[in-house]
Structure formats: structure tokens, C-alpha cells
Amino acid sequence: MNLMQLGLKIHAAALHRAAGEFVEYRSGLTRGRVKAVVGESTFEQGDGEAMIEVKTIDFLIEPSELKRIGIREPKRGDQITRKSGEIHDTCQGSSDSVWEWSDAANKTFVVVHTVRSGNESC
């Protein structure tokens, strides 16, 4: 690991400690409490003729946290519930998946794309 990678890893850990919140992650019958940093993304989706802008609420979760509760990887149909009771459904982001790595080189966080349950679709 070079100095740049080490610096990014230290920064990510500090962000997670300072800005993270505990949420409940649910996938089928599997559920558990994990710590996540909340963010957002904006994507354009369309069929080539018409494009729409989709805004997602993203949850950055350490892969070890998901493994600890028995989740191999996020999938469509999973839900995340915040402490306030607000429920989020997983949603396809810019790729064909509901999740992606925060950084491909180190695989520091899993970024799970969601929308508020019942409010939007993607």
C-alpha cells in the first residue's frame, strides 16, 4: 500500500467514525444493525430518446459490517431503516447494480444506492 492509499484509508475511517450513524439493514429474512455514512448521488437514466435525473440517498457501509450480519452483497429489494424510522429501498445506480465500491482499488466502503420507500422508484 502506497502513502496515498494509506492516507485515503485513514481519511475514510475517520469519516465513518465521525459522520456514521447506526441503521438497520434488511435483506429477506436477514437483518442487522450496521454503521453507515449517508450521502447522495445524481444519475441520468433513459432509453436513448428521453433522459430523467434520478437522485439516490447513498449509504456507505464497510464490507465487514455487512458480512458480520450475513449479507454477501446488497441486492434489489433490500431495505435500510434509519433511526428516525425512515425506510429506504435499494435502487439501481449508474451501473446495473444497487451498489458499487467507493474506491475500486481499496474496496473501503460499499456504496448502497436507495430511495425513500414509497416516494420514488428507480
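Placed above this text is the structure.
A few points on the structure. What you see is a predicted model; the values in this text were computed from it and never measured. (Residues numbered from 1 in each chain as written. Predicted model: local features only at pLDDT ≥ 70, side-chain atom pairs only at ≥ 80, totals over all residues. Heavy atoms only, no water.)

1. Details of the nonpolar core
Tyr25 and Ile61 are the most contacted members of the largest nonpolar core, which has 14 residues in total. Those elements giving two or more residues to this core turn out to be β1 (21-27), β2 (30-46), β3 (51-61) and β7 (110-116). (Core = buried A, V, L, I, M, F, W, Y, C linked by side-chain atoms within 4.5 Å. Buried < 20%, exposed > 50% of the residue type's maximum accessible area, 1.4 Å probe, protein only. Helix = DSSP H or I, 4+ residues; strand = E, 2+ residues; numbered from the N terminus.)

2. Some remarks on the packing of aromatic side chains
Within the structure shown, the criterion is met by 1 aromatic pair. Look at Trp99 and Trp101: their rings are 5.2 Å apart centre to centre, the planes differ by 85 degrees, and that puts the pair in the edge-to-face class. For Trp101, a relative accessible area of 30% gives the class partly exposed. The ring of Phe22 carries the charged tip of Arg33 above its face, separated from the ring centre by 4.0 Å. (Phe/Tyr/Trp six-rings, centres within 6.5 Å; stacked < 30°, edge-to-face > 60°. Lys NZ or Arg CZ within 6 Å of the ring centre and 35° of its normal.)

3. Looking at the environment of Ile61
Relative to the elements of secondary structure, Ile61 occurs in strand β3. For the pair Ile61 and Phe109, spaced 48 residues apart in the sequence, the C-alpha separation amounts to 5.3 Å. Contacts of Ile61, omitting those with residues within four sequence positions, involve Tyr25, Val34, Lys35, Ala36, Leu66, Phe109, Val110 and Val112. (Contact = heavy atoms within 4.5 Å.)

4. Regarding the pattern of salt bridges
On inspection of all chains with the given rule, the structure shows 8 salt bridges. A salt bridge links Glu24 to Arg26, with the shortest nitrogen-to-oxygen separation between them at 3.3 Å. The partner of Arg82 in a salt bridge is Glu86, and the shortest N-O contact between them spans 3.7 Å. It is possible to trace a salt-bridge network through shared partners that takes in Glu21, Arg82, Glu86 and Arg116. (Salt bridge = Lys/Arg side-chain N within 4 Å of Asp/Glu carboxyl O.)

5. Digging into the pairing of strand β5 (residues 87-90)
Burial of the side chains of β5 is restricted to one face: His88 and Thr90 are buried, whereas none of Ile87 and Asp89 on the reverse face is. As paired strands, strand β4 (residues 79-81) and β5 are joined by 3 bridges and run antiparallel to one another. When the sheet's bridge partners are listed, Gln79 is paired in β5 with Asp89. What sits between β4 and β5 in their antiparallel hairpin is a turn of 5 residues, with Gly85 showing a positive phi close to 100 degrees. Taken together, the 3 bridges between β5 and β7 define a ladder with antiparallel strand orientation. Directly across from His88, in β7, lies its bridge partner Arg116. (Pairing = 2+ DSSP bridges.)

6. Description of the environment of Thr30
Examined against the element boundaries, Thr30 turns out to sit in strand β2. Between the alpha carbons of Thr30 and Asp78 there is a distance of 9.7 Å; along the sequence they are 48 residues apart. Residue contacts for Thr30: discarding those within four places in its chain leaves Tyr25, Ile69, Gly70 and Ile71.

7. As for the pairing of β3
Within a regular beta strand, the side chains point alternately toward one face of the sheet and then the other, so they alternate between its two faces. Of the strand pairs in this sheet, β2 and β3 are connected by 11 bridges, and their pairing is antiparallel. Note on β3: the bridge partner recorded for Thr42 is Lys55. Relative to β7, β3 runs antiparallel, the two sharing 5 bridges. Across the sheet, the residue bridging to Ile57 is Thr114, located in β7.

The values are spatial; any link to function lies outside them.
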